[in-house]
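In case you want the letters, here they are:
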Amino acid sequence: MITAGIDIGSTTTKAVVLGDGDIFSYALQPTGMEISSISHQVLMEALDKVGLKFEDVDSIVATGYGRISIPFATTTITEITCNAAGVHHLYPNASLVVDIGGQDSKVIKIDGQGRVMQFAMNDKCAAGTGKFLEVAAQTLGVPVSEIGAISMQSENKATISSTCTVFAQTEIVSLIARQTNKEDIAAGLHESIVSRVYGLISSVNPDPQAEVVLTGGVAKNTAIVKLLERMLARKISVPDNPQIVTAMGAAILAKQC
Amino acid sequence: MEEIFTRFKDYCERPYERAAQLKASGNTKIIGSLPMYFPEEIIHAAGALPVTLFGSEEPITLGDAHMMTNACDQVRSSFDSLLKGKYDFLDGIATIHVCDQVRFFLEVWQLDHPVDFFHQMWRPHKLDSTNQIFLRSELKRLISSLEEFMGTKITTEALQASIRIYNESRAMLRKLNDMRKERPGIISASDMVCVVASSMLIPREEHNQLLGQLLVGLEQSEITVSTKQKVIVVGHPCGIPETELLDMIEDNGMVVVDDDFFTGGRYFSRDVSASGDPIEAFVDFYTNAIPCTTMHFADNWIESGKSYSPYADYVIELMKAGQARGIVVLKEMYCDPYDMEFVLLKKRFEEEGIPYLNLITEHGAGPLESIRTRVQAFEETLRFF
């Protein structure tokens with residue numbers, strides 16, 4: 001059986017193809033405006049990598065914000081359920097997932113079968129998400145892929161008190177005006193994001209011994225991982241490709257659809 | 001039947017139209033009250049029309065200049081409606097102390113926009129026998145103040161007659177609620193809210209007549225019983241919950257079988273006794289009303305040292321009685337009593353492994369797309385378990 005999961009996130013669209021045996025491939029592209037055609041392209045790219053055609057796919061699950069806009073999907077399942085399934089597949093003992101995506105961050109408590117027990121999401125603003133980092137990196141004039149490494153060079157972390165992305169940007173501008181160096185500002189930003197996410201984690205009252213997995217694009221940022229590990233006082237598992245975990249979960253759940 | 005539902009919805013969409021009409025057409029005096037649990041029967045017995053003031057769904061444009069933006073939606077929106085002249089039909093306000101936000105709202109109201117008749121009834125917040133003496137005197141004070149304003153005597157007979165009309169209303173609303181437990185989906189959650197809320201906006205006799213027709217229609221209808229995941233919805237102890245959210249819950253694989261809204265189960269769960277001394281009947285009603293987050297109980301967690309929440313017991317019992325699988329909490333932003341109680345509620349849900357979804361609502365429903373994801377994920381949690 002060949003299945004596919006497509007995760008149309010606010011920033012990136014990811015596709016994972018799974019099949020019997022070792023068949024596994026994935027592809028990703030920026031989401032943009034044409035959700036349906038981008039999703040199709042990403043899926044085709046993933047299929048190409050393992051020499052499969054669209055007709056070979058038995059079941060497709062669409063997930064993420066754009067899930068309702070995929071006419072060729074067999075069904076849609078929310079990114080929360082898919083993410084839990086993906087994490088459980090990779091880490092069967094994990095009981096807490098922290099997913100930091102482009103425009104939302106979520107915390108999911110999962111049981112021994114990978115089912116969602118409880119979840120919490122950032123409510124109304126982009127603080128504590130990838131977008132927050134992106135906006136901040138832009139203001140600092142550094143590539144978002146480097147901002148984590150830059151923050152780790154800080155010796156005197158600045159304080160970013162605002163929890164709102166737009167106000168935080170204003171705060172960054174003021175810090176720049178006061179000639180605070182970018183390493184210190186970046187360190188303050190990371191601290192601000194992780195504090196926000198930590199608040200979300202506390203809201204689901206997790207088991208203090210829970211194995212924690214960090215997924216989503218922001219998990220690629222080593223500074224975030226280290227800070228979160230420090231706050232949670234434990235080691236966090238990060239998959240090799242944290243961005244595609246939800247799409248992988250969708251492909252796993254597609255087997256039942 | 002659709003026609004009757006449309007009428008209930010119209011009353012909710014234009015909440016004060018009927019009252020304003022009555023005011024313009026004759027001698028009816030209209031007394032507004034703020035939620036929740038004001039003894040409307042006493043206003044009715046005085047010969048005036050009691051109207052509960054819910055504010056409006058319009059964006060708040062004037063109210064925020066007078067009220068803190070961290071006041072609850074009910075207070076901000078109601079003040080906004082007042083400033084926009086939407087409450088011009090009122091002859092007076094009589095209200096009951098629910099929380100400090102409402103109390104200050106009334107004080108600002110009376111300072112900024114005095115009305116002819118203004119009565120603040122105080123209600124003890126600790127429900128034990130010693131406070132009944134105070135409650136009795138407050139009910140008597142309300143009666144004399146209304147008698148003076150209306151120039152009429154409120155007799156025991158008049159009070160009992162009014163109580164009977166309101167009991168008839170409550171009995172029919174309970175019947176409607178029982179029907180949705182027995183035949184989930186027979187009435188949508190948003191229609192249910194409109195039916196209850198409209199009873200507080202128009203003359204109760206008119207509402208009773210319409211509601212009677214609806215019950216007959218529903219009893220005869222052959223609506224298929226919904227097989228979706230059964231849930232109960234709780235929260236909104238004062239205002240009208242956002243119907244968009246209720247529709248969203250029911251459009252995404254769930255069916256609401258019960259609730260504890262003020263414009264729902266909380267309002268009609270108990271009758272006021274129509275026999276004997278009406279004042280004693282009200283005292284009994286308030287002392288034994290359903291557990292509310294604004295009340296303190298004889299036993300409490302500070303004194304007993306254990307997680308004690310009669311409200312949590314009540315909500316869990318509601319879920320079990322409705323054979324529901326989960327609970328959706330619509331928590332109105334900045335409702336302090338509910339926020340505090342929610343800590344205990346959440347603890348109990350987690351201790352008992354009850355699936356729940358907590359949605360914080362604010363004026364104008366909030367970011368619907370991200371709420372939709374959470375609602376759908378909650379339904380998946382119930383379905384995959």
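Read on for a plain summary of the structure. All of these numbers come straight from a predicted model, not from anything done at the bench.

### A word on the sheet that holds strand β2 (residues 49–52) of chain B
All names here are of chain B.
Link 1 in the chain: Spatial strand order, β2-β1-β3-β4: four strands in an open sheet with parallel pairing. Strand pairing shows two members of the sheet lacking a second neighbour, β2 and β4 (117–121), which therefore form its edges. Adjacent strand axes in the sheet meet at a mean angle of 20 degrees when their direction is disregarded.
Link 2 in the chain: Judged from the five bridges that link them, strand β3 (residues 92–96) and β4 form a sheet pairing that is parallel. In the strand pairing of β4, Gly92 is matched with Phe117.
Link 3 in the chain: Of the strands in this sheet, β1 (30–33), β3 and β4 touch helix α6 (residues 130–150), which is tilted by about 175 degrees from β4.

### Considerations on the sheet that holds strand β2 (residues 12–18) of chain A
Residues and elements named next belong to chain A.
Link 1 in the chain: Pairing in this open sheet of five strands is mixed, and the strands run β3-β2-β1-β4-β5 from one edge to the other. The sheet terminates laterally at β3 (24–30) and β5 (75–76), the two strands that pair on one side only.
Link 2 in the chain: In terms of strand pairing, strand β4 (residues 59–63) meets β5 through two bridges, oriented parallel. Bridge pairing in β5 places Val61 opposite Thr75.
Link 3 in the chain: Of the strands in this sheet, β1 (3–8), β2, β3 and β4 touch helix α1 (residues 35–49), which is tilted by about 145 degrees from β3.
Link 4 in the chain: Helix α8 (residues 245–253) rests against β1, β2, β3 and β4 of the sheet, and its axis sits at about 145 degrees to β1.

### Quick look at the layout of surface pockets
Link 1 in the chain: Put simply, the largest pocket is a space of about 800 Å³.
Link 2 in the chain: The wall of the largest pocket is formed by 31 residues, among which A:Gln118, A:Phe119, B:Lys346, B:Tyr356 and B:Asn358 lie closest to the centre.
Link 3 in the chain: Those elements that provide at least two residues to the lining of the largest pocket are β8 (116–121) and α6 (182–203) of chain A together with α15 (336–351), β10 (356–361) and α16 (368–384) of chain B.
Link 4 in the chain: Counted by class, the lining of the largest pocket contains 18 nonpolar, five polar and eight charged residues.

### Examining the pattern of salt bridges
Residue and element names in this part refer to chain B.
Link 1 in the chain: Applying the stated criterion across every chain, the model contains 38 salt bridges over all chains.
Link 2 in the chain: Here Glu17 ties to Arg14 by a salt bridge, and the two come within 2.9 Å at their closest N and O atoms.
Link 3 in the chain: For Arg14, a relative accessible area of 40% corresponds to the partly exposed category.
Link 4 in the chain: With its nearest N and O atoms 2.5 Å apart, the salt bridge here joins Lys84 to Asp80.

### Side note on a negative patch on the surface
Residues and elements named next belong to chain B.
Link 1 in the chain: Where like charges cluster on the molecular surface, the negative patch consists of Glu13, Glu57, Glu244, Asp247 and Asp251.
Link 2 in the chain: Element by element, the count of residues in the negative patch is highest for helix α10 (residues 243–251), at three residues.
Link 3 in the chain: Turning to its location among the elements, Asp247 is positioned in helix α10.

### Some points on the interface of chain A and chain B
Link 1 in the chain: Contacts between chain A and chain B engage 19 residues on the former and 18 residues on the latter.
Link 2 in the chain: Here chain A packs against chain B, burying approximately 1700 Å² in sum over the two surfaces, 56% of which is carbon and sulfur.
Link 3 in the chain: Where chain A meets chain B, there are zero salt bridges.
Link 4 in the chain: Inspection of the chain A/chain B interface yields six residue pairs in polar contact (both at pLDDT 80 or more).

### Side note on the packing of helix α3 (residues 130–140) of chain A against α6(A)
Two quantities define a packed helix pair, namely the angle between the helix axes and the distance between the axes.
Residues and elements named next belong to chain A.
Link 1 in the chain: Packing of α3 against α6 leaves a shortest axis separation of 11 Å and a crossing angle of 170 degrees. The orientation of α3 with respect to α6, classified from their angle, is roughly antiparallel. Across the interface between the two elements, Phe132, Leu133, Ala136 and Leu140 of α3 pack against Lys182, Ile185, Ala186, Leu189, His190, Ser192 and Ile193 of α6.
Link 2 in the chain: Partitioned by chemical class, the residues of the contact of α3 with α6 number eight nonpolar, two polar and one charged.

What counts as what
- Each chain has its residues counted from 1, following the order in which its sequence is written.
- Whichever chain is written first is A, and whichever ligand is written first is 1; the rest continue in order.
- Where local features are concerned, this predicted model is filtered to residues with pLDDT of at least 70; where side-chain atom pairs are given and counted, the filter is 80 or more; whole-chain, interface and lining totals use all residues.
- Computation of side-chain values covers all heavy atoms of the structure but excludes hydrogens and water.
- Pairing between two strands is assigned when DSSP locates at least 2 bridges connecting them.
- Numbering goes from the N terminus for both helices and strands, where a helix is a DSSP run of H or I of at least four residues and a strand is a run of E of at least two.
- Note on geometry: axes are C-alpha line fits, over the in-contact stretch for helices, and angles between N-to-C directions span 0 to 180 degrees.
- We call two residues contacting when some pair of their heavy atoms lies within 4.5 Å.
- Cavities and pockets were defined on a 1 Å grid built from protein atoms only: a cavity is a group of points that admits a 1.4 Å probe but offers it no way out, a pocket is an open group of points flanked by protein on both sides within 12 Å along at least five of seven lines, and a lining residue is one with an atom within 4 Å of any such point.
- Grid points are joined across faces, edges and corners, and a volume is the space filled by probe spheres set on the points.
- Each residue gets one label: Ala, Val, Leu, Ile, Met, Phe, Trp, Tyr, Cys and Pro are nonpolar, Asp, Glu, Lys and Arg are charged, and the others, such as Gly, are polar.
- By definition here, a salt bridge exists when the distance from a side-chain nitrogen of Lys or Arg to a carboxyl oxygen of Asp or Glu is within 4 Å.
- When a residue's accessible area, from a 1.4 Å probe over protein chains only, is under 20% of the maximum for its type it is buried; when over 50% it is exposed; and in between it is partly exposed.
- Patch membership is restricted to residues that have no salt bridge and whose relative accessible area is over 30%. Joining uses 9 Å for like charges and 5 Å for the nonpolar side chains Val, Leu, Ile, Met, Phe, Trp and Tyr.
- Note on areas: Shrake-Rupley, 1.4 Å probe, and residue coverage restricted to the protein chains presented here.
- As used throughout, the charge tally considers Lys and Arg to be positive and Asp and Glu to be negative, leaving His and the chain termini uncounted.
- In plain terms, the charge of a residue is placed at NZ if it is Lys, CZ if Arg, CG if Asp and CD if Glu.
- A quick way to say it: buried area is the sum, across both parts, of accessible area lost when two parts are put together, with a 1.4 Å probe.
- We define a polar contact as two N or O atoms separated by no more than 3.5 Å, with the added condition that, inside protein, one atom must be a possible hydrogen donor and the other a possible acceptor, whereas residues neighbouring each other in sequence contribute only through side-chain atom pairs.
- Note that the term roughly parallel is reserved for angles under 35 degrees, roughly antiparallel for angles over 145, roughly perpendicular for angles of 65 to 115, and oblique for everything else.

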